[in-house]
Amino acid sequence: MNDAIGLTPESVLLVAVLLPLATAVAVVAFGRWPNLREGATLSGGAVTLALVAGILLPAVRGGGRPRIDLFEILPGLQVSLHGEPLGLIFALVASSLWIVTSLFAVGYLRGHHSPNQTRFFTFFALAIFGALGVALSANLLTLFLFYELITLCTFPLVTHDGTERAKKAGRLYLGLLMSTSVGLMLPAVIWIWNTTGTLEFRPGGILQGHVAGGSAAVLLALFAFGTAKAALMPVHRWLPAAMVAPTPVSALLHAVAVVKAGVFTLTKVVVYVFGLDLLSTGAARPIQWIAAFTLLAASVVALYQDNLKRRLAYSTISQLAYIVLGATLAAPKALVGAGLHIVMHAFGKITLFFCAGAIYVHAHKTNLRQMHGLGRRMPVTFMAFFLGSLSVIGVPPLGGSWSKLWLGSGAAQGDEPWAVAVYMLASLLAIGYLMPVVARGFFGEPSPDDAFCRDQDINEASPLLSLPPAFTALCCLALFVFAGELADFLGGMLGAPTSTAIGAP
Amino acid sequence: MSHLISIVTENLPMLQVVLPMLAAPLCVVVHHRRATWWVALVVTWASFANSVALARKVYLEGPLSYFVGGWEPPWGIELRIDELNAFVLCLVSAICAVVLIAAPRSFDQEVESDRHHLAYAAFLLCMTGLMGIASAGDAFNVFVFLEISSLSSYGLIALGPSRRALSSALRYLIVGTLGGTFILLGVGLLYMSTGTLNLVDLQQRIPASDGHRTIVVAMVCVVVGACIKLALVPLHGWLPDAYTFAPSVVTAFLAATATKVAFYVLARFLFSVFGVASSIDRFHVDWVLLPLALVAMVYGAAAAIFERDVKRMLAYSSLSQIGYMVVGLALVTKSGLTGGIVHLVNHGLMKCGLFLAIACVVLRFGSPHLGVQRLGSTHLDRLRGLGRSMPWTSAAFVLGGLSMIGVPATVGFVSKWYLVLGAFEAGKWWVAALILFSSALAIAYVWKVVEVLYFADPPRREDEVGEAPWWVLGPTWVLVGASLVFGVWTAPTVRMASAAAEVLLPALAGAGP
């Protein structure tokens, strides 16, 4: 039937990427009628998700690798899209969370009477355009193109409030992301083009036999720091600074598009450009150490943050380092774990940010010390926060437990016991920085002058603000059940269609 | 009729030089403000069409030789068009044609009304000179046309609205004449030691007198002269003032053409006339040019960051971009040279677009003379909050700026891709690092303006202004649009640039990856 209406997986690749762009145009066109405008965003998201989940997913799952060449941007270099498991997972995450985040953003921005909402939804859709482009890109140049597009399109979102602080944060955001990508990632790309004559993503990598261990280590470092979106220390500074943005933007940054694009890029480059064999020679060692350091240091810093969003930001930095460490361990199981963690962390962290946003809009509270007893007034929000926290920490029966198990057993498979220890320690620290929020909310005693928290009536935030986190929290539960299938699917990126080749975690 | 057409097609190489040359005195005679503009407009667009036809012909049939008056060299004057000249001619005539559309509105404001016809005449003469340099087949005519373009550009700059236009024109005149003299000396020495002025003949005779002191001195003279006209650091002193105080449209025109043609002269003499064997392998001109170009690249960008006047900031950015072009040349690899040549056109497009966007701003705010006492209309503070009141101008500036940074899907990215690739080919990774460092500096100076445009509040309520007229905004967007289109559809520019690079580096033609 799909063929009958001309929707081959190849054309769906293009349509899925272009739909968010079309949505952005529609948002501008309907700018004067807010309900129609939001309708455009939601329907654009729904159709995109349907296309990715309904047509691309079955095709790739069946072993197909649809591919479409669009045009030649430099002689010998095409802008091309392809579908493979890792990219499809990212595309699914981005397009599904786009819908949820849009709903939340409607509640947040309207509840806040924020100006420039049309601009907001336009650039939001454009950022998703970039994210889908990154997810489905078939070569490094295409990926780089869309990667830069994300940076540029999220800049107006980060600086949405237009205040002096927003301006400063925007400066850091753009300056760091763009100077690292132009200054480090671009030369890496050109270096690879110069030595191998190709930039295609190929299973098994393209660098094998072209570069020696030392050069491979330098190239990997260029990628690891060039994708500052992955927030490896010391290029992580933009992430806490960008906390000045409205909460839906934080959700976009932390879960939907931006940081995920960073870790996705690194994972994809490890699998399809370097190849596992090249990295298992020790070329990845320096980056592993830096990732491990980031993992622990960010967790410790998170413990000391009083501002809830800042605390979550450092938590994100730590969780991203999980993925980077997993990817650079270059063991099959760790790579599957890295792919899984992209999904699990996205759903867990977006829940936490939605909750932080709901608390801010409804109760006007931003800091931990103001939240004593708040959970009793906003039970849905705080329950969602609780579930999201458990998933990020990695406690069954939530999705996050699986990805951490895969990452840990991947570290064991790669014979790196120290990495297992780092993972365990960071999970313990995660308990330390996430559970106090929940504990204070439910059991804390509000200070005498805090009328809001002392008021005993249950008074939940508006449904548009409280239902999205509740939904994503339930997704975290559901992901616990479906993690096995996801892992099977992700195994396909290593050229092994079933888990038999990789083994269970 | 068909006879006429054949006359035109046979004389294409000459027409594009002669047309503006004849139209210039006509402008002076006509004297009427708008009528002279029409004359100039028709002539420049005809020249543009002419160059495109010529480029097509060269591309299909190979290099063309044209003997002026039917006199063969070495007695007559030869015009010789190959892939490199054709490319430069297209750029110069295209920029002239587009900029001229914006000229009347901008001149109305910045140039006294009884001097418009002189401005158009000087404009056409300058165009004659630039087109002439780019098509001349002998060294002496290169010098003659260089002087024509220089003298007329001094006049154009002096027309600027502020009094300092005069002093900057004088400074340019002194320095520029020095540059011209160096070139004349070089040409004279070449004639002395080889007995010919024809570029092709020179190319054949120079290897025979290899190592002759006179040739070395000639080379030094030509390189220094070209570098002065090119404004390569440290010979750049004239450029920032000249660009800042010239009328806005003139700045846009000169920034996109004059330095580019000087770059052409440098590349032509080093690679075609002297040849790689003597200029690079034997006398290592690249050892001098490469460090200077790298310094220019970084210094220009760094100086631009601290500049508060936008026009001057863009002038410093030009210094940096000139550095990129010379780096491409001094790498002496196929990709590097392709990058340098493609950047010649790419930078022309984007910088001209940016300067025209500034012309839009000046048009709205008035310039610092002619009774309009609103000083420093291009100061950064003037641009506060313009994102709201002049959305199209601001958007054009942002897009041009992104191209300057080298964001993918803009022309700036294409240039940088080839330059960095060239650096890797030459095994000089540190050059690649400096190129990208300078791009990162570009983020700083572009974003400084973007922040002022979009985040700062307009200074006073009565300063609320509307959008610039489409007569100026249109050309701005044509150029900005071109810098996006050629960033995605790179085949025409890159193919022509790599063909030109092959002309210059025939020995390395097959050495690319």
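Small disclaimer: the values here were computed from a predicted structure and weren't measured. (Residues numbered from 1 in each chain as written. Chains lettered and ligands numbered in written order. Predicted model: local features only at pLDDT ≥ 70, side-chain atom pairs only at ≥ 80, totals over all residues.)

*Asks:* Even after reading the chapter, I still don't get the overall build of chain B, so can you show me in this structure?
*Replies:* Scanning chain B from N- to C-terminus turns up 21 helices and two strands. What you see for chain B is a C-alpha radius of gyration of 22 Å, in line with the 24 Å of a compact globule of 513 residues. Here the C-alpha coordinates of chain B stretch approximately 70 × 55 × 40 Å along the principal axes. Counting over 513 residues, chain B shows a buried share of 62%. Here the analysis covers contacts within chain B between residues at least 6 apart in sequence; of these, 79% occur between residues at least 24 apart. (Helix = DSSP H or I, 4+ residues; strand = E, 2+ residues; numbered from the N terminus. Rg over C-alpha atoms; globule rule 2.2 N^0.38 Å. Buried ≥ 20, exposed ≤ 12 C-beta atoms within 10 Å, placed from the backbone. Contact = placed C-beta atoms within 7 Å.)

*Asks:* What's the story with the overall build of chain A in this structure? I'm lost.
*Replies:* If you tally the helices and strands in chain A, you get 20 helices and two strands. Its C-alpha atoms give chain A a radius of gyration of 21 Å, within 12% of the compact-globule value 23 Å for 505 residues. Across its three principal axes, chain A shows a C-alpha extent of roughly 70 × 55 × 45 Å. Burial status across chain A gives 64% buried among its 505 residues.

*Asks:* Help me out: how do you make sense of the domain arrangement of chain A in this one?
*Replies:* Where interface size is given, it is often the accessible area lost as the parts come together that is meant. All names here are of chain A. Each assigned domain of chain A is listed with its residue range as follows: domain 1 (1-274) and domain 2 (284-505). Using C-alpha coordinates to define each centre, domain 1 is positioned 22 Å away from domain 2. At the interface, 45 residues of domain 1 touch 47 residues of domain 2. Those elements giving two or more residues to the side of domain 1 that touches domain 2 turn out to be helix H3 (85-112), helix H7 (213-226), helix H8 (238-241), helix H9 (247-256) and helix H10 (258-274). Looking at the side of domain 1 that touches domain 2, the element that brings in the most residues is H3, giving 14 residues. Across the side of domain 1 that touches domain 2, the residue classes break down as 32 nonpolar, 10 polar and three charged. (Domains from an automatic or database assignment. Nonpolar A, V, L, I, M, F, W, Y, C, P; charged D, E, K, R; others polar.)

*Asks:* Explain the nonpolar core here, please?
*Replies:* For soluble globular proteins, the rule of thumb is that nonpolar side chains tend to be buried together. Core analysis: the biggest nonpolar cluster contains 419 residues, and Ala94(A), Val324(A), Phe87(B), Leu266(B) and Val327(B) have the highest contact counts within it. Among the elements that take part in this core, helix H14 (residues 332-363) of chain A stands out by supplying 20 residues, more than any other. There are two domains that each give this core at least three residues, and those are domain 1 (1-274) and domain 2 (284-505) of chain A. Every residue in contact with Val324(A), bar those within four places of it in the chain, is listed here: Ala224(A), Ala230(A), Leu232(A), Val263(A), Leu266(A) and Ala291(A). (Core = buried A, V, L, I, M, F, W, Y, C linked by C-beta atoms within 7 Å.)

*Asks:* Sorry, what's going on with the environment of Leu428(A) here?
*Replies:* With respect to the helices and strands, Leu428(A) occurs in helix H18 (residues 417-443). Along the backbone, Leu428(A) and Val256(A) are 172 residues apart, and their C-alpha atoms lie at a distance of 26 Å.

*Asks:* Is there a simple way to explain helix H18 (residues 411-425) of chain B in this structure?
*Replies:* A turn of α-helix holds 3.6 residues, and therefore any two residues three or four places apart point the same way. With 15 residues, H18(B) should cover 21 Å at 1.5 Å per step; its first-to-last C-alpha distance of 21 Å lies within 8% of that length. A positive phi of about 75° marks Gly427(B), the residue just after H18(B). (Expected span 1.5 Å × (residues − 1).)

*Asks:* Please clarify how the packing of helix H13 (residues 308-329) of chain A against H14(A) should be interpreted in this entry.
*Replies:* Helix-helix packing is characterised by the crossing angle of the two axes and by the distance between the axes. Residues and elements named next belong to chain A. Between H13 and H14, the least distance of the axes is 8 Å, while the angle of their chain directions is 170°. Relative to H14, the element H13 lies roughly antiparallel. Side by side, H13 and H14 meet where Leu308, Lys309, Leu312, Thr316, Gln319, Tyr322, Ile323, Gly326, Ala327 and Leu329 of the first sit next to Ala334, Leu335, Gly337, Ala338, His341, Ile342, His345, Lys349, Leu352, Phe353 and Ala356 of the second. For the contact of H13 with H14, the per-class residue count stands at 13 nonpolar, six polar and two charged. (Axes fitted to C-alpha atoms, helices over the stretch in contact; angles between N-to-C directions. Parallel < 35°, antiparallel > 145°, perpendicular 65-115°, else oblique.)

*Asks:* Got a minute to help me understand the packing of helix H4 (residues 117-136) of chain A against H10(A) in this structure?
*Replies:* All names here are of chain A. At their nearest, the axes of H4 and H10 sit 10 Å apart, and the two run at 10° to each other. Between H4 and H10, the angle falls in the class roughly parallel. Here Ala131, Val134 and Ala135 of H4 come into contact with H10, specifically with Ala261, Phe264 and Thr265. Partitioned by chemical class, the residues of the contact of H4 with H10 number five nonpolar, one polar and no charged.

*Asks:* Can you help me understand the environment of Gly63(A) in this one?
*Replies:* For Gly63(A), the position within the fold is in the loop between helix H2 (34-61) and strand S1 (67-74). A C-alpha to C-alpha distance of 9.0 Å links Gly63(A) and Glu84(A), two positions 21 residues apart in sequence.

*Asks:* Just checking my understanding: could you explain the interface of chain A and chain B for this structure?
*Replies:* Each side of the interface is counted separately: chain A has 23 residues, and chain B has 24 residues. Sorting the residues of the side of chain A that touches chain B by element identifies S1, helix H5 (140-158) and helix H6 (164-196) of chain A as the ones contributing at least two each. In terms of residues, the side of chain A that touches chain B owes the most to one element, H6(A), which gives 14 residues.

*Asks:* Even after reading the chapter, I still don't get the pairing of S1(A), so can you show me in this structure?
*Replies:* A regular strand places its side chains so that they alternate between the two faces of the sheet. Residues and elements named next belong to chain A. Where S1 lies against strand S2 (residues 77-82), six bridges are found, and the strand directions are antiparallel. Bridge pairing in S2 places leucine 74 opposite leucine 77. Two successive antiparallel strands, S1 and S2, enclose a turn made up of two residues, where glycine 76 displays a positive phi of approximately 85°. (Pairing = 2+ DSSP bridges.)

*Asks:* Hey, could you run me through the environment of Lys349(A) in this one?
*Replies:* Looking at where Lys349(A) falls in the secondary structure, it is placed in helix H14. Dropping the residues within four chain positions of it, Lys349(A) is found in contact with His254(A), Ala255(A), Thr316(A) and Val392(A).

*Asks:* Can you walk me through the confidence of the model for chain A in this structure?
*Replies:* Close inspection of predicted coordinates is inappropriate in any region flagged by low pLDDT. For chain A, mean pLDDT is 87; residues scoring 70 or higher make up 96% of the total. Counting contacts from residues 497-501 of chain A, a segment whose pLDDT is below 50, to residues more than four positions away or on other chains yields 11 contacts. (pLDDT = per-residue confidence, 0-100.)

*Asks:* Please explain unusual backbone geometry as it appears in this structure.
*Replies:* What is expected of a backbone is that most residues other than glycine have negative phi and most peptide bonds are trans. Here Met233(A) and Pro234(A) are connected by a cis peptide whose omega angle stands at 5°. Topologically, Pro234(A) is positioned in the loop between H7 and H8. For the bond running from Pro396(A) to Pro397(A), omega is 5°, close enough to zero to count as cis. Along the chain, Pro397(A) falls in the loop between helix H16 (379-393) and helix H17 (399-413). Phi at Val332(B) takes a positive value of approximately 55°, unusual for a residue other than glycine. Examined against the element boundaries, Val332(B) turns out to sit in the loop between helix H14 (310-331) and helix H15 (334-365). In this structure Val332(B) comes out as buried when scored by C-beta crowding, with 24 C-beta atoms within 10 Å.

*Asks:* Would you mind showing me how to read the confidence of the model for chain B here?
*Replies:* Residues and elements named next belong to chain B. Per-residue confidence for chain B gives a mean pLDDT of 87, with 94% of residues at or over 70. Here residues 368-375 is modelled with pLDDT under 50, and outside its nearest four sequence neighbours on either side it reaches 12 contacts, counting other chains as well. Predicted complex metrics record ipTM = 0.88 and pTM = 0.91.

*Asks:* Explanation requested: H4(A) in the structure shown.
*Replies:* When the terminal C-alpha atoms of H4(A) are compared, their 29 Å separation across 20 residues agrees well with the 28 Å that a helix rising 1.5 Å per residue should span. Summarising burial for H4(A): 18 of the 20 residues are buried, a large majority.

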